[in-house]
Amino acid sequence: IAVGHRVGHGGDRFSEATIITDEVKQVIEKFVPLAPLHNPPNLEGIAVAEEVFPNAKQVAVFDTAFHQSMPAEAYRYAIPDRLYQDNKLRAYGMHGTSHQYVSKQAERYLGLNKDSLNAITIHLGNGCSMAAIKNGKSIDTSMGLSPLPGLIMGTRSGDIDPAIIFYLANNLDMSVKEIDQLLNKESGLKGIAGNNDMRSIVSRVEQQDAQARLAIDMYCYRIKKFIGAYLAVIGKADALIFTAGVGENSPLVRQEACKGLEHLGIQLNAAKNQQKKSSIQEIQDTGSQLKILVVPTNEELSIAEQAYALIS
Ligand code: AMP
């Protein structure tokens, strides 16, 4: 009866899921320059689903939608204003479905009223991003116009000095395409440790591999900096929420990311951090002011629920 599509970029047009019409497809097409790797295959998926399931409603769930609540001071870049007005260059953020899903799960788990959670959601998969959640809404996030900025990821660099791009072009004669490939596919954990699988990096750390240790240290230090920044913009927070492949499964990453944050009310319990559960898990110490939660994400379920809610 319905097909839910995860669509990469809804620009500033979509703040929630929508039934796909010709007009919606045109808008997804219009945002291709902002998401050249995601929107074209999403449109292809929609075309195929329409052919295979001609009687079903097609629903688009945008990865950017949840972050549409960000205020201008968070989403604007300090570049000439015309580039925002004419070309829509601004931060949109990604992984919205996951940040929304785990924050709503946590809100319910903590027994809070709807739209009252204040938290930091930390999605650590192959792609990684964090979001500052205030009153249940995203007010800032670490990805931007594209999924490239912010945290160190499997193969993406995360934040770098943009002048590195000029250096690569001017001194190493690299083309824009080659730089794009370098920063998106050959950087991050892979760039530092030669491998983007966190399981392998963790096991190399256990064998005292210096390059794997450096990769983990850089990865966790970046998360820690964003925790500090987001606590500053949220104010009093209820919880820190870890999710996705690494966030749900790596005690080492959670431990290193939380280390030294006791003065901010973040105190991890070492034994609880080691336990593995498939449901929501609390891993903070009794004295911790913030709850530290591991919340399994489920983007497929969330997309299905949003599609179902729309067609009913
Ligand atoms: P995702 O994109 O959410 O599927 O997450 C993929 C990432 O999760 C990869 O880097 C995996 O190495 C990582 N991952 C999965 N299981 C574990 C684990 N047990 N320990 C550390 N990292 C893991």
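Here's a quick rundown of the structure. (Residues numbered from 1 in each chain as written. Predicted model: local features only at pLDDT ≥ 70, side-chain atom pairs only at ≥ 80, totals over all residues. Heavy atoms only, no water.)

### Description of the sheet that holds strand E4 (residues 119-124)
Thinking step 1. Taken together, the six strands give an open sheet; going across it, the order is E6-E5-E4-E7-E9-E8, and neighbouring strands pair in mixed fashion. The sheet terminates laterally at strand E6 (137-141) and strand E8 (281-282), the two strands that pair on one side only.
Thinking step 2. Where strand E7 (residues 239-243) lies against strand E9 (residues 291-294), four bridges are found, and the strand directions are parallel. If you follow Leu240 over to E9, its bridge partner there is Ile292.
Thinking step 3. Against the sheet, helix H12 (residues 251-258) engages E4, E7 and E9, with an angle of about 150° to E7. (Pairing = 2+ DSSP bridges. Helix = DSSP H or I, 4+ residues; strand = E, 2+ residues; numbered from the N terminus. Contact = heavy atoms within 4.5 Å. Axes fitted to C-alpha atoms, helices over the stretch in contact; angles between N-to-C directions.)

### Things to note about unusual backbone geometry
Excluding glycine, most residues fall at negative phi; most peptide bonds, likewise, are trans.
Thinking step 1. Positive phi outside glycine occurs at His95, with the angle close to 60°.
Thinking step 2. The backbone phi angle of Gln208 is positive, close to 65°, even though this residue is not glycine.
Thinking step 3. Position of Gln208 among the secondary structure elements: in the loop between helix H9 (198-206) and helix H10 (210-234).

### Digging into the side chain of Thr141
Thinking step 1. Considering the arrangement of structural elements, one finds Thr141 in strand E6.
Thinking step 2. For Thr141, a relative accessible area of 7% puts it in the buried group.
Thinking step 3. Within the local environment of Thr141, its side chain forms a polar contact with the backbone oxygen of Met130, the two atoms lying 2.7 Å apart.
Thinking step 4. Filtering out sequence-adjacent residues up to four positions away, Thr141 remains in contact with His67, Met70, Gly93, Met130, Ala131 and Tyr230. (Buried < 20%, exposed > 50% of the residue type's maximum accessible area, 1.4 Å probe, protein only. Polar contact = N/O pair within 3.5 Å; in protein donor to acceptor, adjacent residues only side chain to side chain.)

### A closer look at the nonpolar core
Thinking step 1. If you look at the biggest cluster of nonpolar residues, it comprises 44 residues, and the most contacted ones within it are Leu124, Tyr219, Ile223 and Ile227.
Thinking step 2. Listing elements by their share of this core, those giving two or more residues are E4, strand E5 (128-134), helix H8 (188-193), H9, H10, E7, H12 and E9.
Thinking step 3. If you tally residues by element for this core, the top one is H10, at 11 residues.
Thinking step 4. Excluding residues that lie within four positions of it along the chain, Tyr219 makes contacts with Leu124, Gly125, Cys128, Ile152, Leu189, Met198, Val246 and Val253. (Core = buried A, V, L, I, M, F, W, Y, C linked by side-chain atoms within 4.5 Å.)

### Describing the environment of Ala2
Thinking step 1. Tracing the sequence through the fold places Ala2 in strand E1 (residues 2-7).
Thinking step 2. A residue is classified by how much of its surface remains accessible, and Ala2, at 31% relative accessible area, is partly exposed.
Thinking step 3. Ignoring anything within four residues of it in the chain, the contact list for Ala2 reads Ala56, Lys57 and Ile311.

### What to know about the site of the ligand
Thinking step 1. If you check the shell around the ligand, you find Gly125, Asn126, Asn196, Asp197, Met198, Arg199, Ala244, Gly245, Val246, Asn249 and Ser250 and nothing else.
Thinking step 2. Asn196 places a polar main-chain atom, nitrogen or oxygen, 3.5 Å from an oxygen atom of the ligand.
Thinking step 3. In the environment of the ligand, an oxygen atom lies 2.9 Å from a nitrogen or oxygen atom belonging to the backbone of Gly245.
Thinking step 4. Relative to its free-state accessible area of 510 Å², the ligand is covered by the protein chains to the extent of 67%.
Thinking step 5. Broken down by secondary-structure element, the contributors of at least two residues to the shell around the ligand are H9 and helix H11 (244-249).
Thinking step 6. If one sorts the elements of the shell around the ligand by residue count, H11 sits on top with four residues.
Thinking step 7. Taken together, the residues that form the shell around the ligand break down as three nonpolar, six polar and two charged. (Near = heavy atom within 4 Å. Areas by Shrake-Rupley, 256 points an atom, 1.4 Å probe, with all protein chains shown as cover. Nonpolar A, V, L, I, M, F, W, Y, C, P; charged D, E, K, R; others polar.)

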